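# Coordinate analysis (summary)
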Amino acid sequence: MSEVVVIDPVTRIEGHAKITLALDGDGRVADARFHVTEFRGFEEFCRGRPVWEMPSLTARTCGICPVSHLLASAKTGDAIMGVTIPPAAVKLRRLVNLGQIIQSHSLSFFHLSAPDLLLGMDADPTARNIFGLMAAEPELARRGIRLRSFGQSVIEAIAGRKVHSPGIVPGGIASPLSEETRDGLRARLPEAQATITDALTLFTGLLDRFHREVRAFGSFPSLHMGLANPAGTWEHYDGHLRVVDAGGAVVVEGIAPADYRTIIGEAGRHDSYLKSPYFKPLVDDGDDPDAGAYRVGPLARLNVCTTMGVPTADDALAEFRERAGGTANSSFFYHYARLIEILAATEHLAALLDDPSITDSRVRAHAGINHVHAVGASEAPRGTLFHEYTVDDHGILTDVNMIIATGQNNLAMNATILQIAREWIDGPTIPEGVLNRVEAGIRAFDPCLSCSTHALGRLPMVVELVDAAGATIDQFRRD
Amino acid sequence: MNKPRFATVWLGGCSGCHMSFLDMDEWLFELAELVDVVHSPIVDVKEFPDGVDITLVEGAVANEDNVEVARIVRSRSRIVVAFGDCAVSTNVTGMRNPLGDPQSILERVYIQGPDRDGVIPAAEGIVPPLLPEVLPLHKVVPVDYYMPGCPPTAAEIRRAVETLIAGRLGHIVTEDLRRG
Ligand code: SF4
């Protein structure tokens, strides 16, 4: 008799994501599925809106990475206007994205994952959270909070607000950066760099404790995709698409983001509001889209680049590759990659703040509608984000498509929880600790709450053992 | 005296209100002294507990799960605050309302949208059905206070929370929650 295990947010309360595990007749895991349970319909209601409004509107897709949407949307707007934006505007947009990488990755590491990593996957669930960390490791928690705050302050300084900033617009940036504000940011950099350097040391020191997680938390060969510039340097704002395979060989090089449809398809699923993008060249009609699973985000970006473009982060990248044995294929290493990206972001940020032209007053290009179709992309903290708009002669949107970063990891997240479930579940009695590990496998991808999965923090879970007829045989609640 | 029991929940929103909450930064240490944070998407694993004093609710009510959560939260909380514009007025989450029947929206997104395997997500017990119309929180359960903003700033949230904890409720609407 087969069974289905539903790992469900308690009474669907935080019901934004669920997991089901199917067990075969011997109680072994046959399948694992990750379900996204929220739908808001941006692609539909954005039709009819003016292209000028799109950055601010689409920022509301996600409160964690609004900057990614602001950038992808503004870049689409640039292309519709057909303008080359002023150099200082490019630099400021880069700065703001670096600020976002710092704040979002800090949130993922310190606020959400450090409780698992430092207090332990099997620690008391009621204390395994940021407040528990504040009590147990106040200094570390305080430094993590301040690091996130630094990233948010960079965003606020350049774009006007910490969340849903109005300052990133088609054509550039709304207002220039003052020297005073720049100096204020500069003054906070040394603390940020000290915090991330210590966090990296802490994390690599912990890795020995997590051998089994490194081996079984979504460790499988897959493609990795991200933006890279022509020299192969780590990129987060411009560049072309590069795809490497599990051994690091370049599979796709130099595809313009505007041509994303030549390599990315989207498959629907009956049990999730999150569609599954797949790598088209590997999936023939009628094939399972799983064959085209690829990963995006920090892990993938570190795998596709040849250098971080800054010295200290390059040392960290070399050590990362050594520990991973070359291309990193364990999803557990997302955490590690995230920390290296924070380090790189602080170094790139320092260089940009030292550039005298960063305070240039010319930061915005003006134009009307010169093209009716365009694609804009940026590297969101969680991976490559695409906006594609078609407009009429007045700049009113007639069609919208958004490929969200977390969605692109959908197939890989499913493979990850399946691997974790198979590694830790043995027979129909589900050990309590397995639940947190399944969650932690999802958390390694840092799925964005609102862009897609809506699973900030831990998912409260109920596991139900259900027989083939749908009757509940057993229920396990984790509080 | 026992500390007030404090909670936050998140319905149909973008999490931006919660991010603004986290932007209170190190004041979170003080908050942890002032209240017991008993439930929150960033904090806890528990089912929404009984006997909560103050609950901030982010997001509009967009699907059947949201309705269920809103009712549970109301029945177990002394004070419910509509936290942010989505909860107050549906805001961006409600922008699908003028498009009408959600079924036709879903058809366009999930049948015509994908390159393959187009299907409207509907697994029972897994994917909650959408409400015909996105509702502000107060249309589903009684709300005690409203905190507008998309999102409210960290300073505004702190002021509101401090005022609620201190029980100086009359000041909130007139003074402390003014926008801008
Ligand atoms: S009010 Fe604004 S910030 Fe808050 S959830 Fe709604 S869209 Fe997000």
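Residues numbered from 1 in each chain as written. Chains lettered and ligands numbered in written order. Predicted model: local features only at pLDDT ≥ 70, side-chain atom pairs only at ≥ 80, totals over all residues. Heavy atoms only, no water.

### Looking at the packing of aromatic side chains
Residue and element names in this part refer to chain A. According to the stated counting rule, one finds 14 aromatic pairs over all chains in the structure shown. Ring geometry for Phe217 versus Trp424: centroids 5.9 Å apart, planes at 90°, classification edge-to-face. You can see Phe217 sitting in the loop between α8 (211–216) and β6 (223–228) and its partner Trp424 sitting in helix α13 (residues 410–424), a full 207 residues away along the chain. Note on Trp424: relative accessible area 13%, which makes it buried. Taken together, the ring pairs in this structure connect Phe109, Phe110, Phe203, Phe210, Phe217, Phe320, Phe332, Phe333, Tyr336 and Trp424 into an aromatic cluster. For the cation-ring pair, Lys75 lies above Tyr237, with the distance from its terminal atom to the ring centre recorded as 4.3 Å. The ring of Phe220 carries the charged tip of Arg295 above its face, separated from the ring centre by 4.3 Å. (Phe/Tyr/Trp six-rings, centres within 6.5 Å; stacked < 30°, edge-to-face > 60°. Helix = DSSP H or I, 4+ residues; strand = E, 2+ residues; numbered from the N terminus. Buried < 20%, exposed > 50% of the residue type's maximum accessible area, 1.4 Å probe, protein only. Lys NZ or Arg CZ within 6 Å of the ring centre and 35° of its normal.)

### Re the nonpolar core
Considering soluble globular proteins, one finds that nonpolar side chains tend to be buried as a cluster. Residues and elements named next belong to chain A. In terms of nonpolar packing, the biggest core is built from 129 residues, with Met308 and Phe320 touching the most fellow members. Ranked by residue count, the leading element in this core is helix α4 (residues 87–119), at 15 residues. Those residues within four positions of Phe320 in sequence are excluded, and the remaining contacts are Leu299, Leu302, Asn303, Ala328, Phe333, Tyr336, Ala337 and Ile340. (Core = buried A, V, L, I, M, F, W, Y, C linked by side-chain atoms within 4.5 Å. Contact = heavy atoms within 4.5 Å.)

### Quick notes on helix α6 (residues 154–166) of chain B
Within an α-helix, residues lying three or four positions from one another point in the same direction, as the helix has 3.6 residues per turn. Residue and element names in this part refer to chain B. A rise of 1.5 Å per residue sets the reference length of α6, with its 13 residues, at 18 Å; its end C-alpha atoms lie 18 Å apart and thus fit the reference within 8%. Ala154, Glu156, Ile157, Ala160, Val161, Thr163 and Leu164 are the residues of α6 that are buried. The positive-phi residue at the C-terminal boundary of α6 is Gly167, with phi of around 80°. (Expected span 1.5 Å × (residues − 1).)

### Considerations on the site of the ligand
Taken together, 14 residues surround the ligand, and among them B:Cys14, B:Cys17, B:Asp85, B:Cys86 and B:Cys150 come closest. Near the ligand, the surrounding residues belong to chains A and B. Residue composition of the shell around the ligand, grouped by class: five nonpolar, six polar and three charged. (Near = heavy atom within 4 Å. Nonpolar A, V, L, I, M, F, W, Y, C, P; charged D, E, K, R; others polar.)

### A look at the packing of α4(A) against helix α6 (residues 138–159) of chain A
Residues and elements named next belong to chain A. Put simply, α4 and α6 touch, their axes get as near as 8 Å, and they point 160° apart. Considered as vectors, α4 and α6 are oriented roughly antiparallel to each other. Crossing geometry of α4 relative to α6 is assigned as left-handed. Contact with α4, carried on its side by Leu92, Leu95, Val96, Gly99, Gln100, Ile102, Gln103, Ser106, Leu107, Phe110, His111 and Leu118, involves Leu140, Gly144, Ile145, Leu147, Arg148, Phe150, Gly151, Gln152, Val154, Ile155, Ile158 and Ala159 of α6 and no other residues of that element. Residue composition of the contact of α4 with α6, by class: 15 nonpolar, eight polar and one charged. (Axes fitted to C-alpha atoms, helices over the stretch in contact; angles between N-to-C directions. Parallel < 35°, antiparallel > 145°, perpendicular 65-115°, else oblique. Left-handed = near helix turned anticlockwise from the far one by under 90°.)

### Describing the side chain of A:Glu235
All names here are of chain A. Mapped onto the secondary structure, Glu235 falls in the loop between β6 and β7 (240–244). Judged by its relative accessible area of 5%, Glu235 falls in the buried class. A distance of 2.9 Å separates a polar side-chain atom of Glu235 from the backbone nitrogen of Tyr237. Leave out the neighbours within four places in its chain, and Glu235 touches Arg94, Leu227, Ala228, Asn229, Arg301 and Glu379. (Polar contact = N/O pair within 3.5 Å; in protein donor to acceptor, adjacent residues only side chain to side chain.)

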